[in-house]
Amino acid sequence: MARIKYTNRKNQNISFSSFLCKDGFILYKIVRKNEANLFLEYIEEENYYVVTCNKSISEADIKQYVLNNYEWVMNWYKNVEDPAPWMIFGDKVPVHVIIGNEFRTEYLGDKINVYLRHKRDYKDAVKMFYKQFASTYLMPRTLEFINKLGLKGQFGRVSWATYYHGLCHANKTIDFSAKLIQYSKEYIDYVIYHEIAHFTHMNHKREFWRLVESYCPNYKELEKQAYHMQFANHMW
């Protein structure tokens, strides 16, 4: 297929391409940005894919990426209306997806209603829910522990980080990953105490772990439990 290229108002280089495979022609739009991670989504209504990528990635690499991932992405979008449960405090909570004119989530304790305008909004709904839920729970809990210990510190922000559960800064501000909310309340408390211990020791030396143990005597067991927990595959 001949490639069509143009530049839109946001100075994003956009082109279209396709290839023939066992499922027929796979049409995909390539959106190149100055800074972008490689990402693939499926536009079910029009039956084509969108690849967002850095401007330096070659056409051949993009094609191989689409070829390797298009089936998984298509199946994922088709299964959005019957999603895997979401994890809240270590428990699986059933999720009910409603496609309509709203974009919001509703936590009812025994289930979560997810209102979407399009199936492709599902990932954004996951992130929105977990960030809001985590902020609502973690902020008062963190400040409660800081005050109880007679210390001075601040709750920072909730991010979508994958490489940490909690992060203490030199100014005694603690950030958290929204994904922490998947774990048990006991493990969450340990993570909060772990970061508060960094108010005193900005390292992981023996004195730090002694302080952590004074705050949370069973922290080693909680770490083992968290390591073995398995989560639904909606968490990116």
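As a reminder, the structure under discussion sits directly above these lines.
Attention here is on the structure that accompanies the text. For every chain, the first residue of its written sequence is number 1, and the numbers climb from 1 along that sequence. Per-residue local features of the predicted model are confined to residues with pLDDT of at least 70, and side-chain atom pairs are confined, for both listing and counting, to 80 or more; whole-chain, interface and lining totals are unaffected and use all residues. Where side-chain values are given, they derive from all heavy atoms of the structure, hydrogens and water being excluded.

## Examining the packing of helix H3 (residues 185-197) against helix H4 (residues 206-215)
Only the stretch in contact is used when fitting a helix axis, every axis being a line fitted to C-alpha atoms; angles between N-to-C directions are given from 0 to 180 degrees. Secondary structure elements follow DSSP: runs of H or I no shorter than four residues count as helices, runs of E no shorter than two count as strands, and numbering proceeds from the N terminus. Contact geometry of H3 with H4 gives a least axis separation of 9 Å together with a crossing angle of 140°. Classified by the angle their axes make, H3 and H4 are oblique. For the crossing formed where H3 meets H4, the hand is right-handed. Every residue of H4 that contacts H3 at Tyr-190, Tyr-193, His-194, Ile-196 and Ala-197 is listed here: Phe-208, Trp-209, Leu-211, Val-212 and Tyr-215. Residues are sorted three ways: Asp, Glu, Lys and Arg are charged, Ala, Val, Leu, Ile, Met, Phe, Trp, Tyr, Cys and Pro are nonpolar, and all the rest, Gly among them, are polar. Residues belonging to the contact of H3 with H4 are distributed by class as follows: nine nonpolar, one polar and no charged. Angles are sorted into four bins: roughly parallel if under 35 degrees, roughly antiparallel if over 145, roughly perpendicular if 65 to 115, and oblique for all others. Helix crossings are classified by the rotation of the near helix relative to the far one: an anticlockwise turn of less than a right angle makes the crossing left-handed, while a clockwise turn makes it right-handed. Contacts are assigned to residue pairs with any non-hydrogen atoms lying within 4.5 Å of each other.

## Considering the sheet that holds strand E8 (residues 95-99)
Overall, mixed pairing links the three strands, which are arranged E8-E10-E9 in an open sheet. Looking along the sheet, the strands with just one partner apiece sit at the ends: E8 and strand E9 (104-107). Averaged over neighbouring strand pairs, the angle between their axes works out to 15° when direction is ignored. Packed onto the sheet, helix H2 (residues 122-148) meets E8, E9 and strand E10 (112-116) and runs at close to 50° relative to E9. A pair of strands is labelled paired if DSSP reports no fewer than 2 bridges between them.

## Regarding the nonpolar core
Considering soluble globular proteins, one finds that nonpolar side chains tend to be buried as a cluster. In this text, buried Ala, Val, Leu, Ile, Met, Phe, Trp, Tyr and Cys residues form a nonpolar core when linked through side-chain atoms within 4.5 Å. Remark: exposure states derive from per-residue accessible area (1.4 Å probe, protein chains only) relative to the maximum for the residue type, with buried under 20%, exposed over 50%, and partly exposed in between. Ranked by internal contacts, the top residues of the largest apolar core, which has 66 residues, are Tyr-49, Val-66, Trp-86, Ile-88, Tyr-130, Leu-138 and Ile-181. Looking at which element gives the most residues to this core, the answer is H2, with eleven residues. Among residues more than four places away in sequence, those in contact with Tyr-49 are Ile-26, Leu-27, Tyr-28, Lys-29, Leu-40, Glu-41, Tyr-42, Tyr-70, Val-73 and Met-74. Within the second largest apolar cluster, five residues are counted, among which are Ile-14, Val-31, Tyr-48 and Val-50.

## Description of the sheet that holds strand E12 (residues 166-168)
A sheet is described by the order of its strands in space; here three strands give the open sequence E11-E13-E12, paired in mixed fashion. The open sheet terminates on both sides in strands that have one partner only, identified here as strand E11 (154-159) and E12. Mean inter-strand twist for the sheet, computed between neighbouring axes without regard to direction, equals 20°. One ladder, built from three bridges, connects E12 with strand E13 (residues 173-177); its direction is antiparallel. Residue pairing across strands places Cys-168 opposite Ile-174, the latter belonging to E13.

## As for the pairing of E9
Relative to E10, E9 runs antiparallel, the two sharing four bridges. Residue pairing for E10: Glu-106 is matched across the bridge by Asn-113. Hairpin connection from E9 to E10: four residues lie between these consecutive antiparallel strands, with Gly-109 at a positive phi of about 90°.

## Considerations on the environment of Arg-141
Looking at the element boundaries, Arg-141 is found in helix H2. Since its relative accessible area comes to 24%, Arg-141 is described here as partly exposed. In this structure, the C-alpha to C-alpha distance between Arg-141 and Glu-71, residues 70 residues apart in sequence, is 42 Å. Ignoring anything within four residues of it in the chain, the contact list for Arg-141 reads Asp-189 and Ile-192. The term polar contact refers here to a pair of N or O atoms within 3.5 Å; inside protein, the definition further demands a hydrogen-donor-capable atom paired with an acceptor-capable atom, and it admits residues adjacent in sequence only when both atoms are side-chain atoms. Side chain to side chain, Arg-141 and Asp-189 meet in a polar contact 2.8 Å long.

## Quick look at the packing of aromatic side chains
Here the aromatic set is Phe, Tyr and Trp, taking the six-membered ring for Trp, and pairing holds for ring centres within 6.5 Å; pairs whose planes are under 30 degrees apart are stacked, those over 60 apart are edge-to-face, and all others are tilted. Tallied over the full model, the rule gives 23 aromatic pairs. Residues Trp-86 and Tyr-122 carry aromatic rings whose centres are separated by 6.1 Å and whose planes lie at 65° to one another, so their mutual orientation is edge-to-face. Remark: Tyr-122 occurs in helix H2 and Trp-86 occurs in strand E6 (residues 86-88); sequence separation between them is 36 residues. Accessibility expressed as a relative area gives 0% for Trp-86, which makes it buried. Its relative accessible area of 2% is what places Tyr-122 among the buried residues. Ring centres 5.0 Å apart and planes at 80° place the aromatic pair Tyr-163 and Tyr-164 in the edge-to-face group. Through a chain of ring-to-ring contacts, three or more aromatic side chains come together here, namely Trp-86, Phe-89, Tyr-107, Tyr-122, Phe-129, Tyr-130, Phe-133, Tyr-137 and Trp-160. Should the NZ of a Lys or the CZ of an Arg lie within 6 Å of a ring centre and within 35 degrees of the ring normal, that charge is described as sitting over the ring. Between the NZ or CZ atom of Lys-148 and the centre of the ring of Phe-145, over which it lies, the distance is 4.8 Å. Taking NZ or CZ as reference, Lys-185 lies 4.8 Å from the ring centre of Phe-89, over its face.

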